[in-house]
Amino acid sequence: MAETLFFSSTSKDKRYAELLPQLQALIETEENPIANMANFCAALKEAFGWFWIGFYMVAGEELILGPFQGPVACTRIAKSKGVCGTAWAQEKTILVEDVEAFPGHIACSALSKSEIVVPLIKNGAVIGVLDIDSTELATFDLLDQTQLEKICQWSVSYTHLTLPTNRE
């Protein structure tokens, strides 16, 4: 596949429908997980223009920053801390309309106003999270949650997306 994505609609639901097959074509033949996670983030950024998109991967009792698109970010996040650590601990997607209202929010950037974090679950365990931030309040909704969970579920089942974990 060429390294160009095409979207014919500005409608969010149609963009998701157009994104998945292009994302699959983009990463299905590449075996390097870092390259695939980087392209995964770039594809979401290109499709939706969100402020920050990235992976945090489980290493022991913390999440370690992985490939991302956006400004510099927090490198390590403890389990149950912030939105990412909470999504990991609860093993469920966390959708936050206003990050200032989230107890214990970790402000990697003061520009972030809303956030969605989707856990990556493989063989019944969280191996990482997909973290997406927006500079606008209430950017993410149930459509985003449903579609991002679907994309993440597909990506985790695809063996070349996520790194092996250090689960000591």
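Presented here is an overview of the structure given in this document.

Residue position: Glu18 is located in helix H1 (residues 12-27). Notably, Glu18 is buried but unbridged: the nearest opposite-charge side chain belongs to Arg15, and the N-O separation is 5.4 Å. A polar atom in the side chain of Glu18 sits 2.4 Å from the side chain of Ser8. Here Glu18 is in contact with Phe6, Phe7, Ser8 and Ser9, once residues within four sequence places are set aside.

Okay, the pattern of salt bridges next. Taken as a whole and judged by the stated rule, the model has three salt bridges. A salt bridge links Lys12 to Asp141; the nearest nitrogen and oxygen atoms lie 3.0 Å apart. On the criterion of sequence distance, the pair formed by Lys12 in helix H1 and Asp141 in the loop between strand S6 (125-134) and helix H4 (142-157) is long-range, its members being 129 residues apart. Judged by relative accessible area, which is 32%, Asp141 ranks as partly exposed. Note that Arg76 is salt-bridged to Glu62, the shortest N-O span being 2.4 Å. Taken together, the positions of Arg76 in strand S3 (residues 76-78) and Glu62 in strand S2 (residues 62-69) put the pair 14 residues apart, joining distant regions of the chain. Since its relative accessible area comes to 53%, Arg76 is described here as exposed. Here the salt bridges share partners, and the residues they tie into one network are Lys12, Asp141 and Asp144.

Procedures and definitions
Residues numbered from 1 in each chain as written. Predicted model: local features only at pLDDT ≥ 70, side-chain atom pairs only at ≥ 80, totals over all residues. Heavy atoms only, no water. Helix = DSSP H or I, 4+ residues; strand = E, 2+ residues; numbered from the N terminus. Buried < 20%, exposed > 50% of the residue type's maximum accessible area, 1.4 Å probe, protein only. Lys, Arg positive; Asp, Glu negative; His and termini not counted. Salt bridge = Lys/Arg side-chain N within 4 Å of Asp/Glu carboxyl O. Polar contact = N/O pair within 3.5 Å; in protein donor to acceptor, adjacent residues only side chain to side chain. Contact = heavy atoms within 4.5 Å.

Bear in mind that shape data such as this cannot, by itself, settle questions of function.
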